[in-house]
Amino acid sequence: MADLEAYISGRKPYTLLSPGDTAAKSFSGCALARLREIKRARDPHNVLRANYPVLG
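Residues numbered from 1 in each chain as written. Predicted model: local features only at pLDDT ≥ 70, side-chain atom pairs only at ≥ 80, totals over all residues. Heavy atoms only, no water.

Asks: Kindly report on the pattern of salt bridges, identifying the contributing residues and their values.
Replies: Evaluation of the coordinates by the stated rule reveals 3 salt bridges. Between Asp 21 and Lys 12 there is a salt bridge whose closest N-O contact spans 3.0 Å. Asp 21 sits in the buried class, given a relative accessible area of 16%. Residue Lys 12 is classed as partly exposed on the basis of its relative accessible area of 27%. Note that Asp 43 is salt-bridged to Lys 39, the shortest N-O span being 2.5 Å. Of the two residues examined, Asp 43 and Lys 39, each falls in the buried class. (Salt bridge = Lys/Arg side-chain N within 4 Å of Asp/Glu carboxyl O. Buried < 20%, exposed > 50% of the residue type's maximum accessible area, 1.4 Å probe, protein only.)

This is the structure:
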């Protein structure tokens, strides 16, 4: 495990989130902020939805 520590981010793959998790568990703060910016600009009426929304 010690050899792998440099490659472990502590984040969970977005497709493997569990109930109670949020999108923030999968993305860095900068990436999540960018995703939120894109979501607000491109889908203001929330037509495209996910089980773990980036705006949630």
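After that view, the rundown keeps rolling.
Asks: Give a description of the environment of Ser 9 that names residues and reports values.
Replies: Position of Ser 9 relative to the elements: it lies in the segment before α1 (29-42). Along the sequence, Ser 9 and Leu 32 sit 23 residues apart, while their C-alpha atoms lie 15 Å from each other. In terms of polar contacts, Ser 9 uses its side chain to reach the backbone amide nitrogen of Arg 11, at 3.0 Å. (Helix = DSSP H or I, 4+ residues; strand = E, 2+ residues; numbered from the N terminus. Polar contact = N/O pair within 3.5 Å; in protein donor to acceptor, adjacent residues only side chain to side chain.)

Asks: An account of the layout of surface pockets is requested, with residue identities and associated values reported.
Replies: Reported here for the largest pocket is a volume of approximately 230 Å³. Around the largest pocket sit 13 residues that line it, and Lys 39, Asn 46, Leu 48, Arg 49 and Val 54 are the ones nearest its centre. Tallied by class, residues from the lining of the largest pocket come to 7 nonpolar, 2 polar and 4 charged. (1 Å grid on protein atoms, 1.4 Å probe; cavity = no way out; pocket = protein on both sides within 12 Å on 5 of 7 lines; lining within 4 Å. Points joined across faces, edges and corners; volume = space filled by probe spheres on them. Nonpolar A, V, L, I, M, F, W, Y, C, P; charged D, E, K, R; others polar.)

Function-wise, these values are silent; they only describe arrangement.
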